[in-house]
Amino acid sequence: MSIKVLVVDDSAFMRKAIENMLKKEPNIEIIGFARNGVEAIDMVQKLKPDIITLDIEMPQMDGLTALRKILEIAPIPVIMVSSLTTEGAEATLKALEIGAVDFIPKDKSFASLGIMKIEDQLIEKIKTFAGRRIIAKAPPSRPVTPSPAQAPISSAPKRTGVFNGNKKVVAIGTSTGGPQSLQRVIPKLTKDLNRPVFVVQHMPPNFTKSLATRLNAMSQLEVIEVEGKEKVEPNVVYIAKGGFHLKIKKVGTNFYIETSTEPSNVLHIPSVDVMTASVAENYGADALGVIMTGMGSDGLNGLKKLKERGGAVIAQDKDSCVVYGMPRAVVEAGIADEVVPLDDIASQIMRYCK
């Protein structure tokens, strides 16, 4: 049975580009094209698609307004088509908060071979999300929560190893579903943590900057996008910059952030594997690794190295993941010390860092 896709974009070129990408997949059928949000809402009601690709900037009704209305009338998955500008990044993060399941980037590369880079990605995302029911979400406000150190655990974590606490550094890796999920983890970390936190979220440049700005406004800890050469300090969350790996370098008794485009032969830049391997090399048994929602298995190899050096690993559980790919790889490899719901991750981080 084919997956029915509605393509919404005011650009004829973009509609054709997406059509060319998807028509190569026999199990995907484009059932309609809309040029703005008004047409999209009408087609959703008439055609009942399984999934939608939705542009953000459109005449008559923009993508964010259309997204809210679509999710009210038909709780189906929506993948945003996002420009790589700062404004596009901010709008995309807003769309994810509203209830979009994911996004694909668009820029001048669509006019060249660059379009091929996202073809497989788009097809994989459509196959992953098609048919899921989506619930429209209220915009998050600054969370008011009890200290995670005392916060109740909603369900007992699945433990696979002996508790190994007093960690000195935290390394978090995530991908699809990560921006929304990080907003339910980072703001719950209090200044009692007194540890640096490194984060890799698979995103393009500009998007990681906007993500860091949003998280910083919500959090007690300082959240920054790394530029490189920052001295590692406690109670700072370092977000890897899109297009650059995050690595750690020790100079004397201090640690510093390094950014690099090497290795370049990896699927994701920044890479969770590269970051966690660097953390393992520099901190060893003093490191806590956390793997969260995302497609694929990025993070598995790096966390294996962290585990081999005596570090601990927390994995997000299946039920709370947007996509149970990256955590699943770690759990099935047997290297997770704890498997916990998303809303318990912050309290477990605080516990491991006592």
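Our structure's up above, just so we're on the same page.
Quick caveat, the model's predicted, so the values are computed rather than measured.

Enquirer: Sorry, what's going on with the nonpolar core here?
Expert: Side chains of nonpolar character tend, in soluble globular proteins, to be buried together. Counting residues in each nonpolar core, the largest one holds 59 residues, and the members touching the most others are Ile 52, Leu 67, Met 80, Ile 172, Leu 189, Val 290 and Ile 349. Sort the elements by how many residues they give to this core and helix H4 (residues 86-98) lands first, with 6 residues. Setting aside chain neighbours within four positions, we find Leu 67 in contact with Leu 54, Val 78, Met 80, Ala 95, Ile 98 and Ala 100. One finds Val 232, Tyr 238, Phe 255 and Ile 257 within the second-largest nonpolar core, a separate group that totals 31 residues.

Enquirer: So what exactly am I meant to see when it comes to H4 here?
Expert: Structurally, the α-helix is built with 3.6 residues per turn, so residues lying three or four positions apart point the same way. The end-to-end C-alpha separation of H4 is 19 Å, in line with the 18 Å expected for 13 residues at 1.5 Å each. Looking at H4, one finds that the buried residues are Gly 88, Ala 89, Ala 91, Thr 92, Leu 93, Ala 95, Leu 96, Glu 97 and Ile 98. Buried residues in H4 make contact with helix H3 (63-73), strand S4 (78-83), strand S5 (102-106), helix H6 (178-182) and helix H7 (207-218). Positive backbone phi, approximately 145°, marks Gly 99, located one or two places after H4.

Enquirer: In this structure, what is going on with the pairing of strand S13 (residues 287-291)? I would like to understand it.
Expert: Looking down a regular strand, the side chains alternate between one sheet face and the other. Burial within S13 is extensive, with 5 of its 5 residues counted as buried. Residues Ala 287, Gly 289 and Ile 291 of S13 are buried on one face, and the alternating residues Leu 288 and Val 290, pointing to the opposite face, are buried as well. For the crossover that starts at S13, traverses helix H9 (residues 300-308) and ends in the parallel strand S14 (residues 312-316), the hand is right-handed.

Enquirer: Please explain helix H11 (residues 345-352) as it appears in this structure.
Expert: Counting buried positions along H11 gives 7 out of 8 residues, so the element sits mostly inside the fold. Those residues of H11 not exposed but buried are Ile 345, Ala 346, Ser 347, Gln 348, Ile 349, Met 350 and Tyr 352. Contacts from the buried residues of H11 go to strand S7 (169-174), S13, S14 and strand S15 (338-340).

Enquirer: What am I meant to see in the packing of H3 against H4 here?
Expert: For any two helices packed against each other, one specifies the inter-axial angle together with the distance between the axes. Following both chains from N to C, one finds H3 and H4 inclined at 10°, their axes separated by 10 Å at the closest point. Looking at the two axes, H3 sits roughly parallel to H4. Residue-level inspection shows Leu 64, Leu 67, Arg 68 and Leu 71 of H3 in contact with H4, the latter providing Ala 91, Lys 94, Ala 95 and Ile 98. Tallied by class, residues from the contact of H3 with H4 come to 6 nonpolar, no polar and 2 charged.

Enquirer: Help me out: how do you make sense of the packing of helix H2 (residues 37-47) against H3 in this one?
Expert: The N-to-C vectors of H2 and H3 enclose an angle of 15°; their axes lie 10 Å apart at closest approach. Our classification of the angle between H2 and H3 gives roughly parallel. Considering only the axes of H2 and H3, their crossing is right-handed. Two secondary-structure elements touch here, H2 through Gly 37, Ala 40, Ile 41, Val 44 and Gln 45 and H3 through Ala 66, Lys 69, Ile 70 and Ile 73. In terms of residue class, the contact of H2 with H3 is made up of 6 nonpolar, 2 polar and 1 charged.

Rules of the game
Residues numbered from 1 in each chain as written. Predicted model: local features only at pLDDT ≥ 70, side-chain atom pairs only at ≥ 80, totals over all residues. Heavy atoms only, no water. Core = buried A, V, L, I, M, F, W, Y, C linked by side-chain atoms within 4.5 Å. Buried < 20%, exposed > 50% of the residue type's maximum accessible area, 1.4 Å probe, protein only. Helix = DSSP H or I, 4+ residues; strand = E, 2+ residues; numbered from the N terminus. Contact = heavy atoms within 4.5 Å. Expected span 1.5 Å × (residues − 1). Right-handed = clockwise from strand over helix to strand, strands pointing away. Axes fitted to C-alpha atoms, helices over the stretch in contact; angles between N-to-C directions. Parallel < 35°, antiparallel > 145°, perpendicular 65-115°, else oblique. Nonpolar A, V, L, I, M, F, W, Y, C, P; charged D, E, K, R; others polar. Left-handed = near helix turned anticlockwise from the far one by under 90°.

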